[in-house]
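Chain by chain, the residues:
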Amino acid sequence: MSDRVVLHVKGRVLVGPEDVRDELWAVDGRITYTRPSGDALTVTGWALPGLVDAHCHVGLDQHGPVDDATSEKQALTDRDAGTLLIRDAGSPSDTRWIDEREDLPKIIRAGRHIARTRRYIRNYAHEIEPADLVAYVGQEARRGDGWVKLVGDWIDREAGDLTACWPRAEVEAAIAEAHRLGARVTAHCFAEDSLRDLVEAGIDCVEHATGLTEETIPLFAERGVAIVPTLVNIATFPRLADGGEERFPRWSAHMRRLYERRYDTVRAAYDAGVPVFVGTDAGGSLAHGLVAAEVEELVKAGIPPLDALSATTWGARAWLGRPSLEEGASADLVVYDEDPRADVRALAAPRRVIVNGRVIG
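This report concerns the structure included in the present document. (Residues numbered from 1 in each chain as written. Predicted model: local features only at pLDDT ≥ 70, side-chain atom pairs only at ≥ 80, totals over all residues. Heavy atoms only, no water.)

1. A few points about the overall build of the protein
Inclusion rule: Secondary structure is summarised from DSSP: a helix means a run of H or I of at least four residues, a strand means a run of E of at least two, and numbering begins at the N terminus for each. C-alpha atoms define the radius of gyration in this analysis, and the globule rule sets the expected value at 2.2 Å times the number of residues to the power 0.38. For every residue, the accessible area (1.4 Å probe, protein chains only) is compared with the maximum for its type, and the residue is labelled buried under 20%, exposed over 50%, or partly exposed between those bounds. It only takes one pair of heavy atoms within 4.5 Å for two residues to be counted as in contact. Under the convention used here, a 1.4 Å probe and the Shrake-Rupley method define accessible areas, while residue burial counts only the protein chains that appear.
Within the protein, the secondary structure is distributed over 12 helices and 20 strands. The C-alpha radius of gyration of the protein comes to 21 Å, within 12% of the 21 Å expected for a compact globule of 361 residues. Along the longest, intermediate and shortest principal axes, the C-alpha atoms of the protein span 70 × 40 × 35 Å. Taken across its 361 residues, the protein has 55% of its residues classed as buried. Considering only residue pairs separated by 6 or more positions, the protein has 65% of its internal contacts joining residues 24 or more positions apart. Within the structure as shown, the protein displays about 14,900 Å² of accessible surface, and the carbon and sulfur contribution to it stands at 47%.

Following this line, the structure appears as structure tokens:
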């Protein structure tokens, strides 16, 4: 008797935005479009590649690193929401053990955040000075899975506002070192000041990117620099501004302005041809499992629903160098009762989550 595991997914399989097939099979965890022999468990509905959260932090909470049990709970929450591929945009915890679990999302790690001394959230990052930036970028490039995460700006308490963290020359050298080692570089950036230097230095992606303007958006588009807006996180800016009003009124007013124009910023970037991808920034003070809410936010910003959907499925996976529903790919997919292309709110209610060819739950 064969002990292989066979799953049959039928209905509408969204292999790509316009590539819709009637069925696929998963045999021993791998996708095939050739009918296998023998019995199979059948799942019906609208099937998508496992969703992507391209800015997520497994192994981190608002206080810093967490234990393995907490990391597991975070990963399970994301998985149950349909997120089966995570780009972990900075974590101080070692989560490599998750790679051995066939029931958890796959993670692409960016190592630990690299920040300027006393210019980021306590216990999150390597806090260093510019002279050490190249060395630390090289270290995290070797530790990560092809990404490195910088903190590009943060509040400067003397200035009372957001300012850039790194001199141009050091950023150029650090990004060149990451690229030499085969890693891409992304950076946390809320404000305007750091963006031109980072992009002209060769950065590959910017997180949040609320500081984009009509001067810098064309530069991003020309260089193909992606953004991950994390709009569900930007929604917290008014609360943060209220909390800092007394000590840092200039910073608070700046944060409110960035919040108020957030949708216009994202839509202007999209209209200019800047690649936009879905990320939630879960794992700090934000809950996990918010990927559907972030897709809905992109649509509210004016991104067409199909493109917002691609930003967490086909497009996001291609950008990260991971397969979708190709022949032989890992059978990681999510099945819905309704067509999510017609209404992205369907993403909030996955009917079945399938990881490595096995139905979860």
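2. Concerning the pattern of salt bridges
What counts, and what does not: Counted as salt bridges are all cases of a side-chain nitrogen of Lys or Arg within 4 Å of a carboxyl oxygen of Asp or Glu.
Applying the stated criterion across every chain yields a total of 29 salt bridges. Put simply, glutamate 140 and arginine 143 hold a salt bridge, and the shortest N to O gap is 3.2 Å. Separated by 3 residues within a single helix, glutamate 140 and arginine 143 lie in helix H2 (residues 133-143), roughly one turn from each other. Accessibility expressed as a relative area gives 1% for glutamate 140, which makes it buried. The partner of aspartate 242 in a salt bridge is arginine 256, and the shortest N-O contact between them spans 2.8 Å. Of this pair, aspartate 242 sits in helix H7 (residues 237-244) while arginine 256 sits in helix H8 (residues 249-260), placing them 14 residues apart in sequence. With relative accessibility at 53%, the residue aspartate 242 sits in the exposed group.

3. Brief notes about the sheet that holds strand E9 (residues 106-109)
Let me state the cut-off plainly: In short, DSSP must find at least two bridges between two strands for them to pair. For helices, the fitted line uses only the C-alpha atoms of the stretch in contact; every axis is such a line through C-alpha atoms, and the angle between N-to-C directions lies from 0 to 180 degrees.
Taken together, 3 strands build an open sheet; the order of strands is E5-E8-E9 and the sheet is parallel. Each of the sheet's edge strands pairs with one partner strand only, and the pair in question is strand E5 (51-56) and E9. Strand-to-strand twist in this sheet, taken as the mean axis angle between neighbours without regard to direction, amounts to 20°. When strand E8 (residues 83-88) meets E9, the two strands line up parallel, connected through 4 bridges. Looking across to E9, one finds that isoleucine 86 is bridged to isoleucine 107.

4. Looking at unusual backbone geometry
The phi dihedral of asparagine 123 falls on the positive side, at around 75°, and the residue is not glycine. When its relative accessible area of 42% is taken as the criterion, asparagine 123 is described as partly exposed. Its identity as a non-glycine residue notwithstanding, aspartate 281 has a phi of 65°, on the positive side. Among the secondary structure elements, aspartate 281 is positioned in the loop between helix H9 (262-272) and helix H10 (291-300).

5. Focus: the packing of aromatic side chains
Spelled out, the test is: Stacked, edge-to-face and tilted labels apply to pairs of Phe, Tyr and Trp rings (six-membered ring for Trp) whose centres lie within 6.5 Å, assigned for plane angles under 30 degrees, over 60, and everything in between, in that order. Charge-over-ring placement is defined geometrically: NZ (Lys) or CZ (Arg) within 6 Å of the ring centre, and within 35 degrees of the ring normal.
Overall, the coordinates contain 6 aromatic pairs when judged by the stated rule. On the numbers, 4.8 Å between centres and 75° between planes, the contact of tyrosine 120 with tryptophan 154 is edge-to-face. With a gap of 34 residues between them, tyrosine 120 in the loop between strand E10 (114-116) and strand E11 (126-128) and tryptophan 154 in strand E13 (residues 153-156) connect regions that are remote in the sequence. Relative accessible area serves as the criterion here: at 15%, tryptophan 154 is assigned to the buried category. A cation sits over an aromatic face here: arginine 21 above tyrosine 33, 4.4 Å from the ring centre. The ring of tyrosine 263 is capped by arginine 262, whose NZ or CZ atom sits 4.2 Å from the centre of that ring.

6. Quick look at the state of the cysteines
For clarity, the threshold we go by: Two cysteine sulfur atoms form a disulfide, by the criterion used here, when they sit within 2.5 Å.
What the rule picks out here adds up to 0 disulfides. No disulfide involves cysteine 205; its sulfur sits 9.8 Å from that of cysteine 189, the nearest cysteine.

7. Examining the nonpolar core
So the rule is basically this: By convention a nonpolar core is built from buried Ala, Val, Leu, Ile, Met, Phe, Trp, Tyr and Cys residues, the set being connected through side-chain atoms within 4.5 Å.
Counting residues in each nonpolar core, the largest one holds 75 residues, and the members touching the most others are Leu133, Ile203, Phe220 and Leu298. In contact with leucine 298, other than residues within four places in its own chain, are Pro229, Leu231, Val266, Val276, Val278, Ile303, Ala308 and Ala311. Core analysis: the next-biggest nonpolar cluster, separate from the first, contains 16 residues, Leu24, Ala26, Tyr33 and Ala47 among them.

8. Some details on the layout of surface pockets
We apply this condition: A cavity here means a set of 1 Å grid points, computed over protein atoms only, where a 1.4 Å probe fits but cannot escape. A pocket is an open set with protein on both sides within 12 Å along at least 5 of 7 lines, and lining residues have an atom within 4 Å of a point. Grid points are joined across faces, edges and corners, and a volume is the space filled by probe spheres set on the points. Three classes are used: nonpolar for Ala, Val, Leu, Ile, Met, Phe, Trp, Tyr, Cys and Pro, charged for Asp, Glu, Lys and Arg, and polar for all others, with Gly counted as polar.
The space that makes up the largest pocket amounts to roughly 940 Å³. Residue lining of the largest pocket: 35 residues in total, with Tyr120, Ile121, Trp154, Leu240 and Trp251 positioned closest to the centre. Those elements that provide at least two residues to the lining of the largest pocket are E13, H7 and H8. Residue classes in the lining of the largest pocket are distributed as 14 nonpolar, 12 polar and 9 charged. What the second largest pocket holds in volume is close to 230 Å³. Surrounding the second largest pocket, 16 residues form its lining, Ser91, Ser93, Asp94, Gly111 and Arg112 being those nearest its centre. Classifying every residue of the lining of the second largest pocket gives 2 nonpolar, 7 polar and 7 charged.

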